[in-house]
Amino acid sequence: MLILGIETACDDSAAAVVADGREVRSNVVLSQDRLHERWGGIVPEAAARRQVEVLNRVIAQALDEAGVEASELGAVAVNNQHGLLRSIIVGVSAAKAFAYTLGVPLVGVHHIEAHIFANFLEDPELPTPHVCLTVAGGHSLLVKVPEPGRYELLGKTRDDSAGEVLDKVARHLGLGFPGGRRIQELGESGDRTAYPFPRPMSEGDGLDLSFSGLKEAARRQIEELRRRGEEPRLEDFCASFQWAVVETLVKKTLAAARRHGVPLVTLAGGVASNRPLREELARRAGAEGIEVRHPRPKLCIDNGAMIAGLAFHQLRDRGPSPLDLGAVPSAPIQGQPY
Ligand code: ZN
């Protein structure tokens, strides 16, 4: 079955066609980075307005690249759970219009469950159980996946997400948007021990995360330097700050795997493409005999393929969503085995 997946959780507009929940026929993502660069961060109204303008074009391109006519689609899937409300409404409205007009089922999918599923899209034979660190601008969670489609929340951030603090600190440094990528690029050649940063919540047994203290520590250091008439050495500051985020994520992820006796760790979400995170997690996990897997970057960022892929299983096991499907900015991940 061919499923069109639509994804508009945040600022990007994405659509994809996936066959039988495993074969990605197309995966189109139109970024708004240049639009939001001028404001140094995402402006929700502007994001949704742009999505209204471009989403139909993105869907047309996804069908075109897949070599598929709309009439060949077996279902239309959309993220209707998690993200900016206006942006989700744009995607949900488009999905309803397509599903209704084509006379095919509509499937509402949870954005974070779809991120976790991207690992199965990358490798349908991916073993379970595994612990998935799903980390992006809008979420930072540790989830145990005992079997495909079943999720046990082990820990989550109590305040900011990892992606959010990378973006915000980049803004304090005047690096523009998207900040996380700029911090990674600049940090490549920096000394990660040059500036001291705390490792939030790294002591103790809990698996929850917290990044707001780290963000504050960065802001205070930048202000203190500027008060003295100095500017932070960008490469070193970015390397040091990013390293504090990476070490915190790695430590908690491995603690989760150890505690639950799970020999495999997966990554999901936009920050999962962060190279130091991938490398450090692989290095430290390898030393403990724990394997690490992650999808390719195009399946880590917000994308329609993860939506269409998960929707195939959801439709088969739970049936379609109603045409009055709502848009929910935040919903717990529940899942259902498939
Ligand atoms: Zn996301």
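The structure presented is a predicted model; accordingly, all values stated were derived computationally and were not measured. (Residues numbered from 1 in each chain as written. Predicted model: local features only at pLDDT ≥ 70, side-chain atom pairs only at ≥ 80, totals over all residues. Heavy atoms only, no water.)

Undergrad: Whenever I open this one, the nonpolar core confuses me. Can you help?
TA: Soluble globular proteins tend to pack their nonpolar side chains together in the buried interior. If you look at the biggest cluster of nonpolar residues, it comprises 46 residues, and the most contacted ones within it are Phe197, Phe241, Val245, Leu249 and Leu277. Breaking this core down by element, the ones donating at least two residues are β6 (130-135), α5 (162-172), α7 (212-227), α8 (234-259), β9 (264-268) and α9 (275-287). Sequence-distant contacts of Leu249, defined by excluding residues within four places in its chain, comprise Leu133, Val135, Ala162, Leu209, Phe211 and Leu277. One finds Ala114, Leu141, Met306 and Ala311 within the second-largest nonpolar core, a separate group that totals 32 residues. (Core = buried A, V, L, I, M, F, W, Y, C linked by side-chain atoms within 4.5 Å. Buried < 20%, exposed > 50% of the residue type's maximum accessible area, 1.4 Å probe, protein only. Helix = DSSP H or I, 4+ residues; strand = E, 2+ residues; numbered from the N terminus. Contact = heavy atoms within 4.5 Å.)

Undergrad: Looking at this model, I keep getting lost on the pattern of salt bridges. Mind explaining?
TA: It is possible for side chains of opposite charge to pair when their charged atoms get near one another. For the structure shown, the criterion picks out 27 salt bridges. Of the charged contacts, one joins Glu147 and Arg150 as a salt bridge, the two residues approaching to 2.9 Å between their closest N and O atoms. Of the residues examined, Glu147 reaches a relative accessible area of 31% and is grouped as partly exposed. Taken together, the shared-partner salt bridges connect Arg199, Glu247, Glu280, Arg283 and Arg284 into one network. (Salt bridge = Lys/Arg side-chain N within 4 Å of Asp/Glu carboxyl O.)

Undergrad: Got a minute to help me understand the sheet that holds strand β10 (residues 291-293) in this structure?
TA: The strands that make up a sheet pair up through hydrogen bonds in the backbone, lying either parallel or antiparallel. Judged by pairing direction, the sheet is mixed, and its five strands sit side by side in the order β8-β7-β6-β9-β10 without closing on themselves. Where the open sheet ends on each side, the last strands, each with one partner, are β8 (150-156) and β10. Across the sheet, the mean angle from the axis of one strand to that of its neighbour is 25°, orientation sign disregarded. The pairing of β6 with strand β7 (residues 140-147) spans six bridges and is antiparallel. From the neighbouring strand, Val131 faces β7, where its bridge partner is Lys144. Packing against the sheet, α9 makes contact with β6, β9 and β10, and its axis sits at approximately 175° to β9. (Pairing = 2+ DSSP bridges. Axes fitted to C-alpha atoms, helices over the stretch in contact; angles between N-to-C directions.)

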